[in-house]
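# Topology and contacts: notes
The primary structure of each chain is shown beneath.
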Amino acid sequence: MEPMAFYILFPSLFMIHEMEEILLMPSFMSSMVGHPKFKNFKELYSPFKFNLIVFEEFLILLAFLAHSFYVGDFTIYQTIIIAYNYHIIIHIIQTLYLKKYVPGLLSGIVTGLYCSLLIHQLLQISLQLYISSILTLIIIMLNLIFLYFTNGARKFEWYNFCFCLLYTSDAA
């Protein structure tokens with residue numbers, strides 16, 4: 001596979017992962033409301049809010065893909081793909097912490113491994129790019145903070161917010 005084909009394929013891989021989350025998230029979040037550490041989930045989560053955030057992230061991902069094609073430089077886009085893989089590691093940590101299947105884990109592992117394999121095979125990525133992708137992940141998380149608070153999150157309980165934030169910290 002050529003790198004350009006992989007770049008075009010990545011939004012589809014991202015959405016496969018997101019579709020699993022969209023389908024399984026409502027029942028998962030209902031089960032988490034009773035968890036003592038996550039008592040205010042109802043305020044931070046609704047299917048509409050989650051879907052809106054996924055849509056916004058997808059549009060940003062497509063905008064960065066289009067920009068990368070326009071300028072002929074895919075460096076920032078590569079950091080987004082790597083940040084996606086970091087996000088999958090967060091899903092694994094959440095599953096271990098909660099001792100419960102977290103929606104997006106299976107599709108995340110499959111798509112994350114596929115992306116990692118293609119990144120390794122197709123691209124000569126430096127250590128600096130991997131480090132830069134951590135900054136990309138931080139920017140994505142800041143975007144999510146903005147989205148949660150503009151969508152009506154009022155109470156701030158750090159552990160509730162971090163879980164929701166990390167849960168939805170997909171690429172873009």
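A brief structural summary. (Residues numbered from 1 in each chain as written. Predicted model: local features only at pLDDT ≥ 70, side-chain atom pairs only at ≥ 80, totals over all residues. Heavy atoms only, no water.)

### Things to note about the nonpolar core
If you look at the biggest cluster of nonpolar residues, it comprises 21 residues, and the most contacted ones within it are Phe6, Tyr7, Phe10, Tyr77, Ile81 and Ile119. Breaking this core down by element, the ones donating at least two residues are helix H1 (3-32), helix H3 (47-71), helix H4 (75-98) and helix H5 (105-122). Ranked by the residues each element gives to this core, the list is headed by H4, at six residues. In contact with Tyr7, other than residues within four places in its own chain, are Leu65, Phe74, Tyr77, Gln78, Ile81 and Leu123. Counting residues in each nonpolar core, the second largest holds nine residues, with Met29, Tyr45, Phe50 and Val102 among its members. (Core = buried A, V, L, I, M, F, W, Y, C linked by side-chain atoms within 4.5 Å. Buried < 20%, exposed > 50% of the residue type's maximum accessible area, 1.4 Å probe, protein only. Helix = DSSP H or I, 4+ residues; strand = E, 2+ residues; numbered from the N terminus. Contact = heavy atoms within 4.5 Å.)

### What about H1?
The periodicity of an α-helix, 3.6 residues per turn, causes residues three or four places apart in sequence to face the same way. Counted at 1.5 Å a residue, the expected span for H1 with its 30 residues is 44 Å, and the 40 Å between its end C-alpha atoms agrees. For H1, the principal kink sits at Met25 and spans about 50°; a proline, Pro26, occurs within the next four residues. (Expected span 1.5 Å × (residues − 1). Bend = angle between axes of the 7 residues up to and from the residue.)

### Things to note about the packing of aromatic side chains
Under the definition given, this model contains nine aromatic pairs. Measuring from centroid to centroid gives 6.2 Å for Phe10 and Tyr77, while their planes differ by 90°, and the two rings are edge-to-face. Here Phe10 is found in helix H1, whereas its partner Tyr77 is found in helix H4, with 67 residues between them in sequence. Classification of Phe10 as buried rests on a relative accessible area of 0%. Given the relative accessible area of 0%, Tyr77 is considered buried. Ring centres of Phe14 and Tyr84 lie 6.3 Å apart, and the angle between their planes is 65°; on these two criteria the pair is classed as edge-to-face. Taken as a pair, Phe14 in helix H1 and Tyr84 in helix H4 lie far apart in primary sequence, 70 residues in all. Of the two residues examined, Phe14 and Tyr84, each falls in the buried class. (Phe/Tyr/Trp six-rings, centres within 6.5 Å; stacked < 30°, edge-to-face > 60°.)

### Side note on unusual backbone geometry
Not every positive phi belongs to a glycine, and Lys99 is a case in point at roughly 55°. Relative to the helices and strands, Lys99 is located in the loop between H4 and H5.

### Structural notes on the side chain of Ser68
For Ser68, the location among the structural elements is in helix H3. Judged by its relative accessible area of 2%, Ser68 is buried. In this structure the side chain of Ser68 is engaged in a polar contact, spanning 2.8 Å, whose partner is the backbone oxygen of Phe64. Setting aside chain neighbours within four positions, we find Ser68 in contact with Asp73, Phe74 and Tyr77. (Polar contact = N/O pair within 3.5 Å; in protein donor to acceptor, adjacent residues only side chain to side chain.)

### Here we look at the side chain of Thr136
In this structure, Thr136 sits in helix H6 (residues 127-150). For Thr136, a relative accessible area of 14% puts it in the buried group. What Thr136 contacts, discounting residues up to four positions off in sequence, is Thr79, Ile80 and Ala83.

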